[in-house]
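Below, each chain spelled out in residue letters.
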Amino acid sequence: MTLSRSQSAHGQSAQSRSGQSLSILGATGSIGRNTIDVVSRLPGRFRVEAVSANRDAEGLAQIAIEAGARLAVVADPDAYAALKAALSGTGIEAAAGQAALVEAATRPVDRLMAAIVGAAGLAPTLAAAARGTTILLANKECLVTAGTLFMATARAGGATILPVDSEHSALFQVLNPVQALNPVQVLDPDRLKAVETVTITASGGPFRTWSAEQIAEAGPREAVRHPNWAMGAKISVDSAGLMNKGLELIEAHHLFAIAPERLAVVVHPESIVHGFVSYRDGSVIAQLAEPDMRTPIAYSLGWPDRIPAPTKRLDLAELGRLTFETPDLRRFPALGIAIAAMEAGNGATTVLNAANEISVEAFLSERIRFPDIAKIVENVMDRVARTGIGEPASLDEALELDRTARDVARALVGEHIATAG
Ligand code: NAD
Ligand code: MG
């Protein structure tokens, strides 16, 4: 186990109780619960320090009690009273609000699972990166909103970033860096020279075989019905329109310092091959696993070791065949919009993420139709770009640009509703 700098800085071993200490941001979510599931099957190996949620006080309290956490934090101050009541007599500390969330993220631990959804995860995860924490990064929106800043902060703080997203875990395993530590690059430039392309796979989502007309009529229930993965609502909608794959290209671009033109997406409906790297000698090396997030979660929890994960074992003969196809950018324009944002850089992806979060929220609450998501995102990018986008160089700049884009997106959601009604 690599000791994180935060431990040595505090002159104490975070392992003094028993096992490795672990905090989980977004503990009540899909990734959070899968993390608890992996950890709870390995008694003595991990010890949970802090857990957080947005406002589900009861759910969080239950997780905190079962996991034996020391601190539970709700981001929403209105949920504090309920959390305090649910934890009374347990000895678990309850706290609420943004400062408490940052405190949960920066308590010295061996590993931090960063699994908040959306740009809301940026401030606490960035604070952890600055302290040199070993971060198991599920919150891809961190990198889409402020990837350059995030990776530079991690490097300067001596943080270790271990990807949790299945495709990035796959690439990480294939590229097999000696260190995931910054300032040592995940990939050294000489090894990168031998890489021709880096490909992530997409299941294609629930609308893969649907016509554009059918997609236009789809509601939230259809969009979140993912064929292979059970995930939170936001990422499920992102997956249905292939926006998720666009966000993941941007994520890979920052994590592995790979130029946009060397990144590719292929649709693979079975979700068995998660990512592969093509080398200049013609070799292609891939990672395969059943679609179950507990595999990449276990990899990030154990790295550089491998710990057991209670997942179905892959049986290729039983599967018989694996299929691949080219993504259809006409029916799934969000992917093309995200690629353009990645190529533009310079704050474009901050705007992309913010506009997407607002549009997905509006779609989930049935205020706009599915194709409006991509239209609004593209429109916001055009409008905000006209005012001149700069690459966010600080958390404040990232949040400011994020806010501007959200305001424009909200106004456009309003216009869409007005014209539709
Ligand atoms: P989810 O919606 O199931 O859970 C989100 C968690 O974040 C919850 O604990 C929620 O309380 C918390 N949260 C929400 N808004 C918050 C806010 N404003 N402030 C503080 N906390 C807040 O989401 P998920 O599916 O677990 O996804 C989490 C992250 O992991 C996302 O970035 C997603 O893209 C990424 N990811 C998820 C999966 C998956 O299989 N679910 C796979 C790959 C990557
Ligand atoms: Mg993924």
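Before reading on, note that the structure itself is shown above.
Note on numbering: residues in each chain are counted from 1, in written sequence order. Lettering of chains starts at A and numbering of ligands starts at 1, both following the order in which they are written. It should be noted that, the model being predicted, local features are given only for residues of pLDDT at least 70 and side-chain atom pairs only at 80 or more, the latter also being counted only at that level, while totals for whole chains, interfaces and linings use all residues. Water and hydrogen atoms were dropped before computing side-chain values, which therefore reflect all heavy atoms in the structure.

Novice: Would you take a moment to explain the overall build of the chain for this structure?
Specialist: Scanning the chain from N- to C-terminus turns up 19 helices and 11 strands. Computation of the radius of gyration draws on C-alpha atoms, with the globule rule given as 2.2 Å multiplied by the number of residues to the power 0.38. Here the C-alpha atoms of the chain give a radius of gyration of 21 Å, agreeing with the 22 Å that 2.2 N^0.38 yields for 421 residues. Principal-axis analysis of the C-alpha atoms places the extent of the chain at approximately 55 × 55 × 45 Å. Classification of residues uses two cut-offs on accessible area relative to the type maximum, computed with a 1.4 Å probe and protein chains only: under 20% is buried, over 50% is exposed, and between them is partly exposed. Counting only residues that meet the buried cut, the chain has 57% of its 421 residues in that class. Restricting to contacts in the chain with at least 6 residues of sequence separation, those with at least 24 account for 67%. Here a helix means four or more residues in a row that DSSP labels H or I, a strand means two or more in a row labelled E, and each is numbered from the N terminus. Any pair of residues with heavy atoms lying within 4.5 Å of one another is described as a contacting pair.

Novice: For this particular structure, what's the right way to read the coordination of the magnesium ion (ligand 2)?
Specialist: In a perfect tetrahedron of four donors around a metal, the angles come out at 109.5 degrees. In a perfect octahedron of six, they are 90 or 180 degrees. For Na, K and Ca the donor cut-off is 3.2 Å, and for all other metals it is 2.8 Å, counting N, O and S atoms only; because water is absent from this set, sites may look incomplete. Each protein donor to the magnesium ion (ligand 2) is listed here as Asp-165 (OD), Glu-167 (OE) and Glu-248 (OE); together their distances run 2.1 to 2.2 Å. Counting residues between consecutive donors of the magnesium ion (ligand 2) along the chain gives the motif D-x1-E-x80-E. Judged by relative accessible area, which is 8%, Asp-165 ranks as buried. Looking at Glu-167, the relative accessible area reads 6%, which means it is buried.

Novice: Explanation requested: the layout of surface pockets in the structure shown.
Specialist: It is the rolling of a water-molecule-sized probe over the atoms that shows where space remains empty. The way it works is a 1 Å grid over only the protein atoms, where trapped points that fit a 1.4 Å probe form a cavity and open points with protein on both sides within 12 Å along at least five of seven lines form a pocket, and then any residue with an atom within 4 Å of a point lines it. Grid points are joined across faces, edges and corners, and a volume is the space filled by probe spheres set on the points. Looking at the second largest pocket, its volume works out to about 290 Å³. Among the elements of the structure, helix H10 (212–217), helix H12 (233–240), helix H16 (333–344), helix H17 (348–364) and helix H18 (370–386) are those that each provide at least two residues to the lining of the second largest pocket. At 6 residues, H18 tops the list of elements feeding residues into the lining of the second largest pocket. Grouping the amino acids of the lining of the second largest pocket by side-chain chemistry returns 14 nonpolar, 2 polar and 5 charged. Under the scheme applied, nonpolar residues are Ala, Val, Leu, Ile, Met, Phe, Trp, Tyr, Cys and Pro; charged residues are Asp, Glu, Lys and Arg; polar residues are all the others, including Gly.

Novice: Looking at this model, I keep getting lost on helix H14 (residues 294–302). Mind explaining?
Specialist: An α-helical turn contains 3.6 residues, so any two residues separated by three or four positions project in the same direction. The buried fraction of H14 is high, at 8 of 9 residues. Along H14, the positions that sit buried rather than exposed are Arg-294, Pro-296, Ile-297, Ala-298, Tyr-299, Ser-300, Leu-301 and Gly-302.

Novice: Even after reading the chapter, I still don't get the nonpolar core, so can you show me in this structure?
Specialist: Only buried residues count toward a nonpolar core, which is a set of Ala, Val, Leu, Ile, Met, Phe, Trp, Tyr and Cys residues joined through side-chain atoms within 4.5 Å. Counting residues in each nonpolar core, the largest one holds 132 residues, and the members touching the most others are Val-51, Phe-150 and Leu-352. It is H17 that contributes the most residues to this core, 9 residues altogether. Both domain 1 (2–163) and domain 2 (189–420) contribute no fewer than three residues apiece to this core. Contacts of Leu-352, omitting those with residues within four sequence positions, involve Val-144, Met-243, Leu-247, Ile-250, Ile-337, Ala-338, Ala-341, Val-377 and Met-381. For every domain, the bounds stem from an assignment made automatically or drawn from a database.

Novice: What exactly am I supposed to notice about helix H13 (residues 243–255) here?
Specialist: Any helix carries an expected span of 1.5 Å times its number of residues minus one. The end-to-end C-alpha distance of H13, which contains 13 residues, comes to 18 Å, matching closely the 18 Å that a straight helix rising 1.5 Å per residue would cover. Taken across its 13 residues, H13 has 12 buried, putting it largely inside the fold. Among the residues making up H13, those that are buried are Met-243, Asn-244, Lys-245, Gly-246, Leu-247, Glu-248, Leu-249, Ile-250, Glu-251, Ala-252, His-254 and Leu-255. Just past H13, the residue Ala-257 takes up positive phi, approximately 50°.

Novice: Is there a simple way to explain the environment of Asn-353 in this structure?
Specialist: Within the secondary structure, Asn-353 is located in helix H17. C-alpha of Asn-353 to C-alpha of Ile-368: the two residues are 15 residues apart in sequence and 18 Å apart in space. When neighbours within four sequence positions are excluded, Asn-353 is seen to be in contact with Ala-119, Glu-141, Val-144, Thr-145 and Lys-234. N or O atoms closer than or at 3.5 Å make up a polar contact, with two conditions inside protein: a donor-capable atom paired with an acceptor-capable one, and, for residues adjacent in sequence, both atoms drawn from side chains. Within the local environment of Asn-353, its side chain forms a polar contact with the side chain of Thr-145, the two groups lying 3.1 Å apart.

Novice: How should I be thinking about the packing of aromatic side chains in this particular structure?
Specialist: By convention here, two paired aromatic rings are described through the distance between centres and the angle between planes. In summary, the pairing rule links any two rings of Phe, Tyr or Trp, Trp by its six-membered ring, whose centres are within 6.5 Å, and it sorts them by plane angle into stacked for under 30 degrees, edge-to-face for over 60 and tilted for everything else. This structure, assessed with the given rule, holds 5 aromatic pairs. Between Phe-207 and Trp-210 the ring centres are 4.7 Å apart and the planes differ by 45°, which places this aromatic pair in the tilted class. Taking relative accessible area as the criterion, Phe-207 reaches 0% and is therefore assigned buried. Judged by centre distance (5.3 Å) and plane angle (80°), the rings of Phe-363 and Phe-370 are edge-to-face. The residues Phe-363 and Phe-370 share a single accessibility class, namely buried.

So far we have only geometry, and geometry alone does not tell us how the molecule works.
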